[in-house]
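Architecture at a glance
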Amino acid sequence: MNRNNFYITTPIYYPSGNPHMGHAYSSIFADVFARFKRNDNYKVHFLTGTDEHGLKIQKAAEKNSSDPQKYCDEISEIFKDLTIKLNLSNDDFIRTTEKRHHACVNDIWNRLVKSGDIYLSKYKGWYSVSDEAYYNSDEIIEKNGKKISSFSGSSVEWVEEDSFFFKLSAWEKKLLEFYDKNKKFILPISRRNEVVNFVKSGLKDLSVSRTSFTWGIKVPTDDKHVIYVWLDALTNYLSALNFPNTNDNLYKDFWPASVHIIGKDILRFHAIYWPAFLMAAKIQPPHRVFSHGWILSGEEKMSKSKGNILNPLEVIKTYGIDELRYYLMKEVSHGSDGSISLKSLENCINSDLANNYGNLCQRVFSFVKNNCKNRVGKITNLSSSDKDLIEKTKVLTKNLREEMDNQNLNNYIKSVINISFLTNKYINDEEPWKLKKINPEKMNNVLHIALEQIGKISILLNPLIPKKSSLVLDSLNIDPKLRNLSFLDGKNLLGDKVEIKDLNILFKKVS
Ligand code: ME8
């Protein structure tokens, strides 16, 4: 893969109910990086989709008295619609019931058989349908007379059935070597440590087929078995690149994936099983798995089964999509869990969007309209306060690429909002309204610098608030082709003379 290509994925969602804020969070988080890289002139492929096989989906379909395929067709549409409502810039939406995916899963299965990593035996142990996960006995506790997983809190059932196994235990040492060589394969570091310790404590072989239900991809050589849904689901990242056709441009351009964005509940699958499957199949593992925390409502994970859901579509209707996107990305610290509430959403909209960035844009645009007929001339010279603002902006933008390369979105947002704050302060200090009479040349310089700052801030905020930032960039008359991050390398965004268009109010304060 070319260094200027970037392949990013979200988890593919279970179509087992309506999308909730956790889904919105995972998707928007990935979308921000896809957009940032596109703005930095990378060739980007951004994938999302639905994970449609397994017992969990079969049961959800039965509960709705529906055939699983019909059920998935309906719910998958709802998730597809979510990508539009969230303004995701995904290049593809994969469904694991598609033909291209079946072909890919079959190929991976055959590779694992060929490498000698699969054998037939019998599974006896605990299984959680809601997590689609096997658990060891020491991971099971009892609560209110029910057996549950101590890891996820989901209820488990005892399963005994014929099953093919993947020789995961044989990959223990190779996985540890792989983690050691690729220090940033799992981020944040706390999650990496968790995984390394888990692998060091010993891996058991993994059951990779089920015989007690039928909704899945059949094992190519034994149709009594369906392939374990996680082996099936993880493979979506390859089938979307037309694997096994390794001559396909998508595969050549984008594999290995730059980063899989996932929630911490599915870290084991991505950071242990997936690289082991791939190494066994003689395919390079991805560069990174980034595991974000959970969105909490109070102290609990927000999820359908817990009934504590803030509906993203309702929030979008009331507050707006850019507002929700910004809030989720700003408020939840990305490696850890975060609580969300309508109150803190409103505070965030008011403080960062309405009072800071929105106010900066509004005051400068309306001043230039009312006092300069929307035109600002060339900068004639720079005062010490102009230089100070430019220098501070340079310092704050210096590490932004690196922050984004490490998924440090919180630091990124902090720096950008700080630039906006400093620019507002610069306007307060320079008082262009007083300069109009006493020093129009200086007023022109101040406004030019303020517009340049607004342009840069808008491009930097674009991955987070694509709609509103584009309105500002349109009003600044910046050609869409030039809305990239080359100013980080010292280039100016605006020409010598600037002609702007009127800008309507961007963010209304909420109370
Ligand atoms: O796990 N906060 O699908 P899924 C943050 N099909 N993230 C949350 C969340 C919350 N409250 N609730 C869910 C699956 N998520 C599999 C993925 S990938 C090959 C297969 C996140 O619909 C969760 O962590 O249950 C996961 O990353 C994503 O939403 C999809 O969850």
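An account of the accompanying structure is given in this report. Because the structure is a prediction, the values reported are computed rather than measured. (Residues numbered from 1 in each chain as written. Predicted model: local features only at pLDDT ≥ 70, side-chain atom pairs only at ≥ 80, totals over all residues. Heavy atoms only, no water.)

Observations concerning the packing of helix α1 (residues 21–39) against helix α12 (residues 321–331)
Helix-helix packing: each pair is described by the crossing angle between the helix axes and the interaxial distance. Put simply, α1 and α12 touch, their axes get as near as 10 Å, and they point 90° apart. Considering the angle they form, α1 stands roughly perpendicular to α12. Residues M21, A24, Y25, I28, F29, D31, V32 and R35 of α1 lie in contact with α12, whose contacting residues are L324, R325, L328 and M329. Classifying every residue of the contact of α1 with α12 by side-chain character gives nine nonpolar, no polar and three charged. (Axes fitted to C-alpha atoms, helices over the stretch in contact; angles between N-to-C directions. Helix = DSSP H or I, 4+ residues; strand = E, 2+ residues; numbered from the N terminus. Parallel < 35°, antiparallel > 145°, perpendicular 65-115°, else oblique. Contact = heavy atoms within 4.5 Å. Nonpolar A, V, L, I, M, F, W, Y, C, P; charged D, E, K, R; others polar.)

Observations concerning the pattern of salt bridges
Pairing of side chains with opposite charge becomes possible as their charged atoms draw close. In the structure shown here, the tally under the stated rule is 33 salt bridges. Among the salt bridges present, the one from R38 reaches D91, with a minimum N-O distance of 3.2 Å. Remark: D91 occurs in the loop between α3 (68–85) and β3 (92–95) and R38 occurs in helix α1; sequence separation between them is 53 residues. Its relative accessible area of 26% is what places R38 among the partly exposed residues. On the accessibility criterion, D91 (39% relative accessible area) is partly exposed. Residue R100 is joined to E98 by a salt bridge in which the shortest nitrogen-to-oxygen separation is 2.8 Å. The network of salt bridges with common partners includes D31, R35 and R325. (Salt bridge = Lys/Arg side-chain N within 4 Å of Asp/Glu carboxyl O. Buried < 20%, exposed > 50% of the residue type's maximum accessible area, 1.4 Å probe, protein only.)

Quick word on the side chain of S383
Note that S383 resides in the loop between β19 (375–376) and α14 (384–397). A distance of 3.2 Å separates the side chain of S383 from the side chain of S385, its partner in a polar contact. (Polar contact = N/O pair within 3.5 Å; in protein donor to acceptor, adjacent residues only side chain to side chain.)

So, the nonpolar core
The biggest cluster of nonpolar side chains holds 88 residues, and the ones touching the most others in it are L328, M329, Y412 and L451. Counting residues per element, this core draws most heavily on helix α13 (residues 342–372), at 13 residues. Those residues in contact with L451 that sit more than four places away from it in its chain are V364, F365, V368, V376, L476, L494, V498 and I500. Grouped together as the second largest cluster of nonpolar side chains are 84 residues, I217, F243, A271 and A281 included. (Core = buried A, V, L, I, M, F, W, Y, C linked by side-chain atoms within 4.5 Å.)

Observations regarding unusual backbone geometry
At the junction of F243 and P244, the peptide bond is cis and its omega measures out at 15° in the coordinates. In this structure, P256 follows W255 across a cis peptide bond, with omega equal to 0°. For P256, the location among the structural elements is in the loop between α9 (249–254) and β14 (259–263). Here N41, not a glycine, exhibits a phi torsion of approximately 65°, which is positive. With respect to the element layout, N41 can be found in the loop between α1 and β2 (43–50). Taking relative accessible area as the criterion, N41 reaches 55% and is therefore assigned exposed. One non-glycine residue, N374, lies in the positive phi region at around 65°. As for its placement among the helices and strands, N374 is situated in the loop between α13 and β19.

Section: the environment of N424
Relative to the assigned elements, N424 resides in helix α16 (residues 409–430). By relative accessible area, N424 is classed as buried at 8%. Not counting the four nearest positions on each side in its chain, N424 is found in contact with N355, N356, N359, L360 and R363.

Here we look at the sheet that holds strand β12 (residues 218–219)
Reading across the sheet, the three strands line up as β11-β13-β12 and stay open at both edges, with antiparallel pairing between neighbours. Only two strands of the sheet have a single partner each, and these edge strands are β11 (209–210) and β12. Across two bridges, the pairing between β11 and strand β13 (residues 222–227) is antiparallel. When the sheet's bridge partners are listed, R210 is paired in β13 with V226. (Pairing = 2+ DSSP bridges.)

Regarding the side chain of H270
Summarising the element assignment, H270 is placed in helix α10 (residues 267–280). Looking at H270, the relative accessible area reads 1%, which means it is buried. Within the structure, the side chain of H270 is placed 2.7 Å from the side chain of Y237, a separation counted as a polar contact. With sequence-adjacent residues up to four places away left out, H270 is seen in contact with F185, W230, L234, Y237, H260, I262, P275 and V289.

Considerations on the sheet that holds β2
With parallel pairing, the six strands of this open sheet are ordered in space as β3-β2-β1-β14-β15-β9. Across the chains shown, the open sheet's two edge strands, defined by having one partner strand only, are β3 and β9 (186–187). Packed on one face of the sheet, α1 meets β1 (5–9), β2, β14 and β15 (289–292) and runs near 165° to β2.

Considering the pairing of β14
Most of β14 sits out of view: five of its five residues are buried. Burial of β14 is two-sided: the residues V259, I261 and G263 facing one way and the residues H260 and I262 facing the other way are all buried. In this sheet, β14 lies alongside β1 in parallel orientation, the contact comprising two bridges. By the bridge assignment for β14, T9 is matched with H260. In the sheet, β14 pairs with β15 via four bridges, with the strands oriented parallel. Its bridge partner lying in β15, G263 is registered against H292. A crossover links β14 with its parallel partner β15, the connecting element being α10, and its sense is right-handed. (Right-handed = clockwise from strand over helix to strand, strands pointing away.)

Some words on the packing of α12 against α16
Packing of α12 against α16 brings their axes to within 8 Å, and their N-to-C directions diverge by 115°. Taken together, the axes of α12 and α16 lie roughly perpendicular to each other. Facing Y326, M329 and K330 of α12, the residues of α16 in contact are L409, N410, I413 and I417. Residue composition of the contact of α12 with α16, grouped by class: five nonpolar, one polar and one charged.

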